[in-house]
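So you can see what is in the structure, the chains are spelled out below.
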Amino acid sequence: MKKIIKNLMGIALGLILSVTCGSTIVHAAPAPSLTSVSITDVTADQNDKVYIEVTEVGTSKMRFVYCNNQLLEENLNEMVSLDFNGDRIIDGYRRYFYTGYSVSDLYPGLQFNVRAEFTNAMYPWDTKYANQVFTFN
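Residues numbered from 1 in each chain as written. Predicted model: local features only at pLDDT ≥ 70, side-chain atom pairs only at ≥ 80, totals over all residues. Heavy atoms only, no water.

### Quick notes on the overall build of the protein chain
Stated formally: Per the convention used, a helix needs a DSSP run of H or I reaching at least four residues, while a strand needs a run of E reaching at least two, with both numbered from the N terminus. When a residue's accessible area, from a 1.4 Å probe over protein chains only, is under 20% of the maximum for its type it is buried; when over 50% it is exposed; and in between it is partly exposed. Accessibility throughout is a Shrake-Rupley quantity obtained with a 1.4 Å probe, and a residue counts as covered only by protein chains that appear here.
Counting its secondary structure elements, the protein chain contains one helix and nine strands. Helices and strands appear in the protein chain in the N-to-C order α-β-β-β-β-β-β-β-β-β. When the 137 residues of the protein chain are sorted by exposure, 28% land in the buried category. Accessible surface, the protein chain as shown: approximately 9300 Å² in total, 56% of it carbon and sulfur.

### Focus: the packing of aromatic side chains
Ring pairs (aromatic) are described by centroid distance and by the angle formed between their planes. The cut-off we apply is this: Stacked, tilted and edge-to-face are the three classes assigned to paired rings of Phe, Tyr and Trp, where Trp is represented by its six-membered ring and a pair needs centres within 6.5 Å; plane angles under 30 degrees give stacked, over 60 edge-to-face, the rest tilted. The criterion is that NZ of a Lys, or CZ of an Arg, lies within 6 Å of the ring centre and within 35 degrees of the ring normal, and then a charge sits over that ring.
Taken as a whole and assessed by the stated rule, the structure comprises five aromatic pairs. Centroid distance tyrosine 51 to tyrosine 98: 5.5 Å. Interplanar angle 50°. Geometry classified as tilted. Of this pair, tyrosine 51 sits in strand E2 (residues 49–57) while tyrosine 98 sits in strand E7 (residues 92–102); the two residues are 47 residues apart in sequence, bridging distant segments of the chain. Ring centres of tyrosine 123 and tryptophan 125 lie 5.0 Å apart, and the angle between their planes is 85°; this geometry places the pair in the edge-to-face category. Among the aromatic side chains, those forming a connected cluster through ring pairs are Tyr101, Phe112 and Phe136. The ring of tyrosine 98 has lysine 49 lying over it, and the distance from NZ or CZ to the ring centre is 5.4 Å.

### Describing the side chain of threonine 119
How we decide: Contacts between residues were defined by any pair of non-hydrogen atoms, one from each residue, lying within 4.5 Å.
Along the polypeptide, threonine 119 turns up in strand E8 (residues 111–120). Relative accessible area serves as the criterion here: at 8%, threonine 119 is assigned to the buried category. In this structure threonine 119 touches Leu34, Ser60, Lys61, Met62, Trp125, Asp126 and Thr127, once residues within four positions along its chain are discounted.

### Let's talk about the pairing of strand E3 (residues 60–67)
How we decide: Strand pairing follows a simple DSSP-based rule, namely that at least 2 bridges must link the two strands.
In terms of strand pairing, E3 meets E8 through seven bridges, oriented antiparallel. The partner of valine 65 across the bridge, within E8, is alanine 116. In this sheet, strand E4 (residues 70–71) lies alongside E3 in antiparallel orientation, the contact comprising two bridges. Residue pairing across strands places tyrosine 66 opposite leucine 71, the latter belonging to E4.

### Notes on the nonpolar core
For clarity, the threshold we go by: We define a nonpolar core as any set of buried Ala, Val, Leu, Ile, Met, Phe, Trp, Tyr and Cys residues linked to one another through side-chain atoms lying within 4.5 Å.
The biggest cluster of nonpolar side chains holds 19 residues, and the ones touching the most others in it are Val54 and Phe112. Secondary structure elements with two or more residues in this core: strand E1 (36–44), E2, E3, E8 and strand E9 (127–135). The greatest single-element share of this core, amounting to four residues, is contributed by E8. Apart from the residues lying within four places of it in its own chain, the contact partners of valine 54 are Val37, Ser38, Ile39, Thr40, Val65, Tyr93, Arg94, Arg95, Phe97, Ala116 and Phe118.

Next up, the structure:
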């Protein structure tokens, strides 16, 4: 009798676990393919550090941004996810790359020649490019 009750409890526990654990599995949609990259702004943070703002539509796996032929470091803490149509699926990102300049370093006539190269996270792993020149007044 004890053996039958023990087996029934084991079966019941197994059913409970399979029902509760099995229903929590969620499959995410694949990341959208990279369709465009644009250099959208020069901006400064609260510490007066100057950043290049780059907007990507889709998802990249490798990102290189150059300012006056210097490779810039991305500020991962300031990345913004973009949802263009309100469906709660991320359509792209706004990313910030530190130029090495502070606001006090900027002067009239200074130019930032900016180039961005982002590689698609999805096959065919193509690279999208953008170029922009900013001149300070």
